[in-house]
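One letter stands for each residue in the lines below.
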Amino acid sequence: MADLSINFAGIKAPNPFWLASAPPTNSGYQIMKAYDAGWGGAVWKTLGMPTINVSSRYGATNYGSRRMAGFSNIELISDRPLEDNLREMREVTKRFPNHATIASLMVDTQAEWNDIIKQVEDAGAKGIELNFGCPHGMCERGMGSAVGQDPVALKAIVEWVMDAANIPVITKLSPNISHITDPGLAAVEAKTDAISLINTVKSIVGIDLDTYAPYPVVDGKGTNGGYCGPAVKPIALHMLKDLAQHQLIKGTPISGIGGIETWRDVVEFILLGATSIQVCTAVMHYGFGIVREMEEGLHKFMDDKGYKTIYDFTGKALPNVTEWKHLNLKSDMKAKINEDKCIGCDVCYIACDDAAHQAIKLPTEGRIPSIIEENCVGCNLCSLVCPVENCITMERVDDGSEHVTWDELTLADKIPDTWNDDRAGGKGHFVPEPMEAMANKRKDRSGERNKQ
Amino acid sequence: MAEYKRPVNEQEFNENFKQKKPLMNDTQAFYESSRCLFCYDAPCMEACPTGIDIPLFIKQINTGNTEGAAKTIYDANWMGNACGTICPTGVLCEGACVYNNQDVAPLLIGRLQNFATKSVIDANTKMFAAGEDNGKKVAIIGAGPAGISCACELRTLGYEVDIFEAKANPSGLTVHGIAPYKISNEEVLAEMKFLQSQLGYNIKYNTSITSKEQLQEIESNYDAVFIGVGLGATAKLNMTGENLEGVVGAVEFIEELRMKHADVSIAKNVVVIGGGNTAMDAASGSARLGADAVTLAYRRSKEDMGAYDFEYNLAVGAGVNGLFNASPLEIVGNGKVEGVKFIKTESINGKLSTIEGSEFTVPCEMVIKATGQAKQGSFFELIDGLEIDNKTRVKVNKNTNQTTNPKYFAGGDAINGGAEVVNGAYDGKLAANGIHEWLMK
């Protein structure tokens, strides 16, 4: 059986599943409960200066029947007395000496940093995470994402921390920036031990249609929140990739955060270079018990692939993430519909006809659609909207012998200069005449009905 | 073996006749509506005789626009709430749901429909308004699904509408002829009140139109007439013993059941003769009223029955025993029913023949005849130039429901010989537009 234990920049943990600094890590009670449930580490809810929180605090984006596809909060750092947090931290680290109990910190002046680092080290914290990410509230006071968005300030503070700290330091980055490598590089130049990302994305999750106030509503007003949950995972994966591929950053351990809920998410983050992962929203939704599914799934994946530790496959997807200009223009995919599985919802048909390449046609009898091969550009849309498992598959139809990229064409001064270039991919595709779009002119069934 | 105890009060009656499709709560409707795939040119919509835009109203429920959903439903079908409950959805919209093709449970379309319509009925949401008065008047004969739908549609088009109804309640079959576990009287009448109060047509109850003089008066007072008379009483079997005490017609039995509930008397042993949906309702109803043994006798095989499978299964689930290939010869008894004498039948090359010497008697104290309803041929004869087909159905133009007497339009059972409420709803609406087209020419 695979060994899930990790050594993350000197912070050891029985497994890579950590709780992110957030409401689930607000107290020693919660963290002990999480460790008892199987979590390998926890980043304590950010400690700093006394503050006041508002009511209400959270909002969500639902999708269909699924709650919290995205989640937003306007909660600030811990509003519990620092001494209570430190006393509980002492108890947790004593009771769980082999778990990664990490203190998230956010203060203002160098003196404050020095002071609080000393206190959490005394409380037995195994590491420090610098909260340069919160995009609400604290950033208005020059902290949180205000630092994460300013690589110069970030670098200065990380240098203060590195001078003061005797335990490993993780710099947590904000995604609210054009190039994540800017703050990433600043952190590395300041000699951070590790990086974690992403913190939450600036957001407004919705508006109350009666009061016209954004969610979460506080006495008729609202503010931008920090967005997280499954909806932000693609953003997180991309930023993780940017850091893990960067020549000057890639040696620095990265803790991946952003919408992680299942073992598949965990594996994806590791494949793009993360060596620990942090979870918040999934726990806020389902409780600490979800770690069971992650752990069992990760074990099975590693056993199936023959990996002994997570380092055996860390970053394995990175070589395959490249720039568009390096993609093979000769690779050719076509959609294939399994007629036995097709239920005839024709969602693929209308998606393709209205929103893609008019490459699916309906039969005159029955409802099973078919692919118009010459028009299918292999875009995947039909297979993505199809509600039936493995019904529409994308099949590669070229033999793989040809390989041409835009970069190669550019270097050879052979980029196409006509619209009809064989290599351009659009040749042979037909587009119906505009007038055929009108309901009474259409050739499909609804058109036929409109004519009656 | 009886599955149900004899109900002695309204509460026990309601327990035995529990609604088959109860109203969904908000959470059920939310999750169920989330499952809709929003099919292109959706098969459910095509399967609906009234063509309700089902994917649209389901999406509207899912987005919290229940009133919009109800509007979508009523735009296509004035009997929206009744149809959601009583339509044979398993063979219509839900039967056409594409989920069936992967053995995934189809959307509960009927119940979602009710969820939307019931909410606007209960809240008496203002949904409809009569059109600007166009100075023309239409008479409607029969306040059944077809007549009501025709009236609603005509009111939106600005016509003054008077309905002549033989009975004391509107909605015809819906309130009189359908088993109580499919819909309650309160629910039917609430929708009727909802529509009438917003659209303002008049109904003259207990007013049978049975003479040429009445029709002539109507013709002279109205610009057009819609015939929505439905079917008549249970047809005669012309069999010995038919007049014995304890022999009743299924239509009459169900009507009594709908009106009197637990006060309807039932025998210990009941034989129901027939193989249609009304027979199933009568058999199920007998069992739920607490009869010890209910025999459903049909002269052909089970597969030949006109009833939907789910209706038969429902009856069997209520404790009804099916007796097939048994043709009734006579009802035996002395003043009162004592049994039904049958002869066994067999079908050879589709031709039914009796098996000599196979007679047997099923003892019972009550016989319910569910062998079809009388046609309204004598009424149709009162109307000049009205052509009917060889099944006593009024001939109409399929696009307008205009009869061969241009002043008369018709719909529902009068033109189809007996079908679902939803068919009547469609016919009435179509006829209203046919009338409008004809009168505005």
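Worth saying up front: this structure is predicted, and the values here are computed from it rather than measured.

### Considering the overall build of chain B
Alright, step 1. Scanning chain B for helices and strands turns up 18 helices and 14 strands.
Alright, step 2. Relative to the compact-globule value of 22 Å for 441 residues, chain B shows a C-alpha radius of gyration of 22 Å, a close match.
Alright, step 3. In terms of overall dimensions, chain B has a C-alpha envelope of 70 × 55 × 50 Å along the principal axes.
Alright, step 4. Partitioning the contacts of chain B with sequence separation of at least 6, the portion at a separation of at least 24 is 71%.
Alright, step 5. Accessible surface computed for chain B: about 18600 Å², of which carbon and sulfur atoms make up 47%.
Alright, step 6. Positive and negative side-chain charges of chain B, numbering 40 and 53 respectively, have mean locations separated by a distance of 1 Å.

### Quick look at the overall build of chain A
Alright, step 1. A tally of helices and strands in chain A yields 14 helices and 18 strands.
Alright, step 2. Overall size of chain A, expressed as C-alpha extent along the three principal axes, is 80 × 55 × 45 Å.
Alright, step 3. Here chain A, with 452 residues, has 49% of them falling under the buried criterion.
Alright, step 4. By element, 52% of the accessible surface of chain A is carried by carbon and sulfur atoms, the whole surface being about 21900 Å².
Alright, step 5. Both charge centroids of chain A, one from 45 positive and one from 59 negative side chains, sit 3 Å from each other.

### Structural notes on the interface of chain B and chain A
Alright, step 1. With 16 residues of chain B at the contact, the number on the chain A side is 21 residues.
Alright, step 2. Its largest share of buried area at the contact with chain A, chain B owes to B:Tyr40, B:Asp41 and B:Gln102, together 47% of the area lost on that side.
Alright, step 3. Here chain B is connected to chain A by 0 salt bridges.
Alright, step 4. Run the count over chain B and chain A and you get 6 residue pairs in polar contact (both at pLDDT 80 or more).
Alright, step 5. Ranked by residue count, the leading element in the side of chain B that touches chain A is helix α2 (residues 26–34) of chain B, at 3 residues.

### Digging into the domain arrangement of chain A
Alright, step 1. Its domain assignment divides chain A into domain 1 (6–320) and domain 2 (324–451).
Alright, step 2. The gap between the C-alpha centroids of domain 1 of chain A and domain 2 of chain A is 41 Å.

### A few points about the pattern of salt bridges
All names here are of chain A.
Alright, step 1. Summed over the entire model, instances satisfying the criterion amount to 27 salt bridges over all chains.
Alright, step 2. Note that Glu-75 is salt-bridged to Lys-45, the shortest N-O span being 2.8 Å. Here Glu-75 is found in the loop between β6 (66–73) and α2 (82–95), whereas its partner Lys-45 is found in strand β4 (residues 41–47), with 30 residues between them in sequence.
Alright, step 3. On the basis of relative accessibility, which here comes to 8%, the residue Glu-75 falls in the buried class.

### A word on the packing of aromatic side chains
Alright, step 1. Per the counting criterion, the structure on display carries 22 aromatic pairs over all chains.
Alright, step 2. Here A:Phe8 and A:Trp18 contribute two aromatic rings whose centre-to-centre distance is 5.3 Å and whose plane-to-plane angle is 80 degrees, an arrangement assigned as edge-to-face. With A:Phe8 in strand β1 (residues 6–8) and A:Trp18 in strand β3 (residues 17–19), this pair connects stretches of sequence that are 10 residues apart. Exposure class is identical for A:Phe8 and A:Trp18. Each is buried.
Alright, step 3. Counting every residue linked through ring pairs, the aromatic cluster contains A:Trp263, A:Phe301, A:Tyr307 and A:Phe313.
Alright, step 4. Between the NZ or CZ atom of B:Arg35 and the centre of the ring of B:Tyr99, over which it lies, the distance is 5.1 Å.
Alright, step 5. Taking NZ or CZ as reference, B:Lys137 lies 5.0 Å from the ring centre of B:Tyr222, over its face.

### Notes on the packing of helix α8 (residues 263–271) of chain A against helix α10 (residues 291–305) of chain A
All names here are of chain A.
Alright, step 1. In contact at an axis separation of 8 Å, α8 and α10 are set at 55 degrees when each is read in the N-to-C sense. In terms of orientation, α8 and α10 fall into the oblique class. Here α8 and α10 pass one another in a crossing that is right-handed. Here α8 contributes Trp-263, Val-266, Val-267 and Ile-270 to the contact with α10, which in turn contributes Glu-293, Met-294, Gly-297, Leu-298 and Phe-301.
Alright, step 2. Among the residues forming the contact of α8 with α10, the class breakdown is 7 nonpolar, 1 polar and 1 charged.

### Focus: the nonpolar core
Alright, step 1. Core analysis: the biggest nonpolar cluster contains 90 residues, and B:Phe57, B:Ile148, B:Leu195 and B:Tyr201 have the highest contact counts within it.
Alright, step 2. The contact partners of B:Tyr201, leaving out residues within four places of it in the chain, are B:Ile148, B:Ala151, B:Cys152, B:Arg155, B:Val161, B:Ile163, B:Met192, B:Leu195 and B:Gln196.
Alright, step 3. By size, the runner-up hydrophobic cluster in this structure holds 89 residues, among which are A:Leu47, A:Val147, A:Leu173 and A:Phe301.

### Looking at the domain arrangement of chain B
Residue and element names in this part refer to chain B.
Alright, step 1. What the domain assignment lists for chain B is domain 1 (18–122), domain 2 (137–232 + 375–439) and domain 3 (247–369).
Alright, step 2. The interface is formed by 16 residues belonging to domain 2 together with 15 residues belonging to domain 3.
Alright, step 3. A salt bridge links Lys-182 to Asp-281; its shortest N-O distance comes to 3.0 Å.
Alright, step 4. Taken together, the connections running from domain 2 to domain 3 amount to 12 residue pairs in polar contact (both at pLDDT 80 or more).
Alright, step 5. Those elements giving two or more residues to the side of domain 2 that touches domain 3 turn out to be α10 (173–176) and α11 (185–199).
Alright, step 6. The residue makeup of the side of domain 2 that touches domain 3, split by class, is 7 nonpolar, 6 polar and 3 charged.

### Considerations on the side chain of B:Arg258
Residues and elements named next belong to chain B.
Alright, step 1. Along the chain, Arg-258 falls in helix α13 (residues 250–260).
Alright, step 2. The side chain of Arg-258 is buried and forms no salt bridge, while Asp-281, the nearest opposite charge, is found at 7.7 Å.
Alright, step 3. Excluding residues that lie within four positions of it along the chain, Arg-258 makes contacts with Thr-174, Val-175, His-176, Ile-178, Ala-179, Pro-180, Ile-183, Ser-184, Asn-185 and Val-188.

### Some words on unusual backbone geometry
Alright, step 1. Residue A:Ser56 is bonded to the preceding A:Ser55 through a cis peptide linkage, with omega at 10 degrees.
Alright, step 2. Counting through the fold element by element, A:Ser56 comes out in the loop between β4 and β5 (58–63).
Alright, step 3. Cis geometry is adopted by the peptide bond preceding A:Ile198, which originates at A:Leu197 and carries an omega value of 10 degrees.
Alright, step 4. Mapped onto the secondary structure, A:Ile198 falls in the loop between β10 (194–197) and β11 (201–203).
Alright, step 5. The backbone phi angle of B:Phe38 is positive, close to 55 degrees, even though this residue is not glycine.
Alright, step 6. You can call B:Phe38 partly exposed: its relative accessible area is 44%.

### Considerations on the environment of A:Lys202
All names here are of chain A.
Alright, step 1. Secondary-structure assignment places Lys-202 in strand β11.
Alright, step 2. Classification of Lys-202 as partly exposed rests on a relative accessible area of 46%.
Alright, step 3. Remark: the alpha-carbon pair of Lys-202 and Gly-226, spanning 24 residues in sequence, is separated by 4.9 Å.
Alright, step 4. Apart from residues no more than four positions distant in its own chain, Lys-202 is found in contact with Pro-135, Asn-176, Asn-224 and Gly-225.

Here is what the cut-offs are and how they apply
By convention here, each chain's residues receive numbers from 1 onward along its written sequence. A letter from A marks each chain and a number from 1 marks each ligand, given out in the order of writing. Since the coordinates come from a predicted model, pLDDT governs what is reported: local features require at least 70, and pairs of side-chain atoms require 80 or more to be given and counted, while whole-chain, interface and lining totals use all residues. Side-chain measures here rest on the full set of heavy atoms in the structure, leaving out hydrogens and waters. Secondary structure elements are taken from DSSP: a helix is a run of H or I of four residues or more, a strand is a run of E of two residues or more, and numbering for both begins at the N terminus. Here the globule rule reads 2.2 Å times residues to the power 0.38, and the radius of gyration is calculated from C-alpha atoms. Should any heavy atoms of two residues lie within 4.5 Å, those residues are counted as being in contact. Residue burial considers only the protein chains on display, and all accessible areas are found by Shrake-Rupley using a 1.4 Å probe. Charge assignment in this entry is limited to Lys and Arg as positive and Asp and Glu as negative, and neither His nor the chain termini are counted. Where a charge sits is defined by one atom per residue type, namely NZ (Lys), CZ (Arg), CG (Asp) or CD (Glu). Relative accessibility under 20% of the residue-type maximum defines a buried residue, over 50% an exposed one, and the middle range a partly exposed one, all with a 1.4 Å probe and only protein chains included. Buried area adds together the accessible area that both of two parts lose upon being put together, with accessible area traced by a 1.4 Å probe. Within this document, salt bridges are pairs made up of a side-chain nitrogen of Lys or Arg and a carboxyl oxygen of Asp or Glu, the two lying within 4 Å of each other. Side-chain atoms alone can form a polar contact between residues adjacent in sequence; in general such a contact is a pair of N or O atoms within 3.5 Å, and within protein one must be able to donate a hydrogen while the other accepts it. Domain boundaries shown here were taken from an automatic or database domain assignment. Ring pairs shown here join Phe, Tyr and Trp side chains whose ring centres sit within 6.5 Å, with only the six-membered ring taken for Trp; geometry is labelled stacked below 30 degrees between planes, edge-to-face above 60, and tilted in between. Only when the NZ atom of a Lys or the CZ atom of an Arg is both within 6 Å of the ring centre and within 35 degrees of the ring normal do we say a charge sits over the ring. Note on geometry: axes are lines fitted to C-alpha atoms, helical ones only across the stretch in contact, with angles between N-to-C directions running from 0 to 180 degrees. Oblique is the label for any angle not covered by the other classes, which are roughly parallel (under 35 degrees), roughly antiparallel (over 145) and roughly perpendicular (65 to 115). We call a crossing left-handed when the near helix sits turned anticlockwise from the far one by less than a right angle, and right-handed when that turn is clockwise. Residue type decides the class: Asp, Glu, Lys and Arg count as charged, Ala, Val, Leu, Ile, Met, Phe, Trp, Tyr, Cys and Pro as nonpolar, and the leftover types, Gly among them, as polar. By nonpolar core we mean a set of buried residues, namely Ala, Val, Leu, Ile, Met, Phe, Trp, Tyr and Cys, connected to one another through side-chain atoms within 4.5 Å.

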